[in-house]
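# Structural overview for review
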Amino acid sequence: MKLSTAHLLPVLSLPAFTLAHVNYPRQSFASSSSAASTTTSSISSISSDTLSVSSTKASTTTALLPSFTLKSQNPTAVPLSSIVANVTSAAFSPLPTAVPPGTKPAAIPNAPGIPDISGLSPNKYPAMDKPPPTDSPEVQQWIKEVMNSGVSIPSFDPTATGGCSANPAAVSDSTRCWWTCGGCTRSTDITTCPQKYTWGLTYDDGPSRYTPDLLNYLSQVNLSTTFFVVGSRALQFSTILQEEYMLGHQIAVHTWSHPSLTTLTNEEIIAELGWTKKIIKDVTGVEPLMMRPPYGDIDDRVRAICEAMNLAPVMWTRISSTATFDTDDFDIHGGLTSVQRVLNNWENILNNVSTINTGFIVLEHDLFQQTVEVATGYILPDALAHQPQFTIQPVVSCLGLSLADAYLQTNDNSTHPLAVNRVSLLSQCRTFHPYVLTFAAGATATNSSSPGSSGQSGKNGAGVGPVASTSSLVAAAFTAVLGAMAFTL
């Protein structure tokens, strides 16, 4: 793989991007106290297959780093002492060259050929890492398509910036089903994999200059993942995006500029999703059918717009209002957490895996050097050594679907019907799993602070049109069938 700079746009510092991550509310296993920089860790070999890390406290440190135990690590892993905030970047792996136009991915035989990206120009897209304007011809067309989709958009006002404390009325409104404040989910949200000990592997916020290191490791251990792609990064690192797609990884949408979607107007949400779908298609030839909201910030208004744009929301597993399967790896780079705490979070996730009856989805990132180093050096090797053995797959695969079902151009609409088609799922689905219900109306709300409880369904405001009447029949039919199968949503 030779170095190419023909399709590399200038590297951005992304101050707004990273600052938003810092300021937005997060729920994870990490405790409120963060590790001090003067704390050191001692690593001792416990047995041939177990690595134990315990913490010692320096004289000027007020808190201990958490301890953890790993079954395995990468022999070439970067030492934990070097995975710290604001480190000097290691040498970059060579960028992949552009894929020859017309090439098709081996994993999707019916895919269109790869586009020619030699003429890809930033001038044809919104400014990187800034909210796209809503008055462009492209966005106006996408708005019309949403209006004509038949999906009713609730009339909720956008939330205010500042999270839960700044929005008491929205927090108390159970009909909104706001994931950020309470963990409310609908059956339209993909939060787990159906089969126990199956991990839907995901990485957010790339591609970045460190993604090739992750791709190299995944190829070495024969794993595939789902990349939730930021549109600005796709434009900046188009050849890396092509490489991800050609290697058989799933590509999904993560917005253009990484905003909190519930704070945006309907038109702004459409612009964020639409431009990301467009750049992914311009680079790979296909449009994704899945998305992840930045920070997990989603409510029924955002869900409805996603549905109208043929995008199924993928969250990460959350077992209570404060315990989510979030490694918090993103915060190593900014110094808000330590790699030891991230690995302690990972160990807590593993401890909870055995307590649930489904598989799971974990939040990780490929944006920074530190996130890739902890993934390839420690988390993934430890997961591969886990007993019982994990099945580690992209999200679309863990749901029992083929990789072709992940994209508009290759989905045949039989195993994975599109949102706005409202076709009969009972006669066309080859298997039952939560994703089948993604496009059924009347989805049940579940609040993770009370696992298994049902909330109210989202209200429909002055939307863009009535939901097709067949949707409720489909949902009712599936509820009956799944109930007979003793299948728990």
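Residues numbered from 1 in each chain as written. Predicted model: local features only at pLDDT ≥ 70, side-chain atom pairs only at ≥ 80, totals over all residues. Heavy atoms only, no water.

With that out of the way, let us pick up the overall build of the protein chain. In terms of helices and strands, the protein chain carries 12 helices and 13 strands. Out of the 489 residues belonging to the protein chain, those deemed buried represent 56%. When contacts within the protein chain are restricted to residue pairs at least 6 apart in sequence, those whose partners lie at least 24 apart make up 77%. Summed over its atoms, the accessible surface of the protein chain is roughly 18,900 Å², and 53% of this surface lies on carbon and sulfur atoms. (Helix = DSSP H or I, 4+ residues; strand = E, 2+ residues; numbered from the N terminus. Buried < 20%, exposed > 50% of the residue type's maximum accessible area, 1.4 Å probe, protein only. Contact = heavy atoms within 4.5 Å. Areas by Shrake-Rupley, 256 points an atom, 1.4 Å probe, with all protein chains shown as cover.)

Tracing the chain through its elements places H258 in the loop between strand 8 (250–253) and helix 7 (266–284). Here the side chain of H258 touches D205 through a polar contact of 3.0 Å, side chain to side chain. Separated by 3.2 Å, the side chains of H258 and H254 make a polar contact. (Polar contact = N/O pair within 3.5 Å; in protein donor to acceptor, adjacent residues only side chain to side chain.)

Let's shift gears to the packing of helix 4 (residues 211–220) against helix 10 (residues 369–384). Axis separation between helix 4 and helix 10 bottoms out at 9 Å; the angle between their running directions is 20 degrees. The angle between helix 4 and helix 10 falls in the class roughly parallel. Read as a crossing pair, helix 4 and helix 10 show a hand that is right-handed. Note on element contacts: helix 10 touches helix 4 through V372, T376, L380, P381 and L384, opposite D213, L214, Y217 and L218. For the contact of helix 4 with helix 10, a count of residues per class yields 7 nonpolar, 1 polar and 1 charged. (Axes fitted to C-alpha atoms, helices over the stretch in contact; angles between N-to-C directions. Parallel < 35°, antiparallel > 145°, perpendicular 65-115°, else oblique. Left-handed = near helix turned anticlockwise from the far one by under 90°. Nonpolar A, V, L, I, M, F, W, Y, C, P; charged D, E, K, R; others polar.)

Spatially, 3 strands are ordered 11-5-12 in an open sheet, and the strand pairing comes out parallel. Both edges of this open sheet fall to strand 11 (360–361) and strand 12 (391–393), since each of them pairs with a single strand only. With 2 bridges joining them, strand 5 (residues 198–200) and strand 11 adopt parallel strand pairing. Paired with G200 across the strands is I361, a residue of strand 11. (Pairing = 2+ DSSP bridges.)

Put plainly, a disulfide is one covalent bond tying together the sulfur atoms of two cysteines. For the structure on display, the rule yields 3 disulfides. Between the sulfur of C164 and that of C181 lies a disulfide, 2.0 Å long from S to S. Measuring handedness by torsion sign, the sulfur bridge of C164 and C181 sits at about -100 degrees and is left-handed. Of this pair, C164 sits in the loop between helix 2 (137–147) and helix 3 (168–172) while C181 sits in the loop between helix 3 and strand 4 (184–186), and the two are 17 residues apart along the sequence. According to the relative accessible area criterion, C164 is partly exposed, its value standing at 24%. Residue classification places C181 among the buried positions, given a relative accessible area of 12%. Between C177 and C184 runs a disulfide, and the two sulfur atoms are separated by 2.1 Å. Negative torsions about the S-S bond denote left-handed disulfides, and the value of about -95 degrees found for C177 with C184 makes this one left-handed. The pair formed by C177 and C184 is uniform in burial state, with each residue classed as buried. For the protein chain, the disulfide bridges join cysteines in the arrangement 1-3, 2-4, 5-6, where the cysteines are counted in sequence order. (Disulfide = S-S within 2.5 Å.)

Counting 101 residues, the largest nonpolar core has W199, L273, M290, L343 and L380 as its most contacted members. In terms of residue count, helix 7 provides more of this core than any other element does, 8 residues in total. (Core = buried A, V, L, I, M, F, W, Y, C linked by side-chain atoms within 4.5 Å.)

Turning to the pattern of salt bridges, a few remarks are in order. Enumeration according to the criterion identifies 9 salt bridges in this entry. Residue D300 is joined to R186 by a salt bridge in which the shortest nitrogen-to-oxygen separation is 2.4 Å. Of this pair, D300 sits in helix 8 (residues 300–308) while R186 sits in strand 4, placing them 114 residues apart in sequence. Its relative accessible area of 8% is what places D300 among the buried residues. Ionic pairing is found between D300 and R303, a salt bridge with its closest N-O pair at 2.9 Å. Taken together, the residues D300 and R303, both in helix 8 and 3 residues apart, mark about one turn of the helix. The exposure classification of D300 matches that of R303, with both residues buried. Counted as one network, the salt bridges with shared partners bring together R186, D189, D300 and R303. (Salt bridge = Lys/Arg side-chain N within 4 Å of Asp/Glu carboxyl O.)

Structurally, the position occupied by M290 is in strand 9 (residues 290–291). Under the relative-accessibility criterion, M290 is labelled buried at 1%. Once the C-alpha coordinates of M290 and A406 are considered, the two residues, 116 residues apart in sequence, prove to be 7.0 Å apart.

Along strand 7 (residues 226–229), one buried face is formed by T226 and F228 and the opposite face, lined by F227 and V229, is buried too. Bridge count between strand 6 (residues 202–204) and strand 7: 3 bridges; the pairing is parallel. Of the residues in strand 7, the one forming a bridge with Y203 is F227. Remark: the strand 6/helix 4/strand 7 crossover connection has right-handed handedness. Two strands pair when backbone bridges link them, and strand 7 and strand 8 are joined in this way by 4 bridges, in the parallel orientation. Of the residues in strand 8, the one forming a bridge with F227 is I251. (Right-handed = clockwise from strand over helix to strand, strands pointing away.)

A few words now on unusual backbone geometry. Among all residues save glycine, negative phi is the norm, and among peptide bonds the norm is trans. Across the junction of G206 and P207, the peptide omega takes the value 0 degrees, indicating a cis bond. For P207, the location among the structural elements is in the loop between strand 6 and helix 4. At N222, a position not held by glycine, the phi torsion is positive, near 60 degrees. The phi torsion at Y295 lies on the positive side, around 65 degrees, for a residue other than glycine. Assessed through its relative accessible area of 11%, Y295 is described here as buried.

On to the packing of aromatic side chains. Scanning all chains against the criterion turns up 13 aromatic pairs. Here the aromatic residues Y197, W199, F325, W346, F360 and F390 are joined through ring pairs into a cluster of three or more. If you follow K196 out to its NZ or CZ, it ends over the ring of Y197, 4.9 Å from the centre. R318 extends its terminal NZ or CZ atom over the ring of W179, reaching a point 4.3 Å from the ring centre. (Phe/Tyr/Trp six-rings, centres within 6.5 Å; stacked < 30°, edge-to-face > 60°. Lys NZ or Arg CZ within 6 Å of the ring centre and 35° of its normal.)

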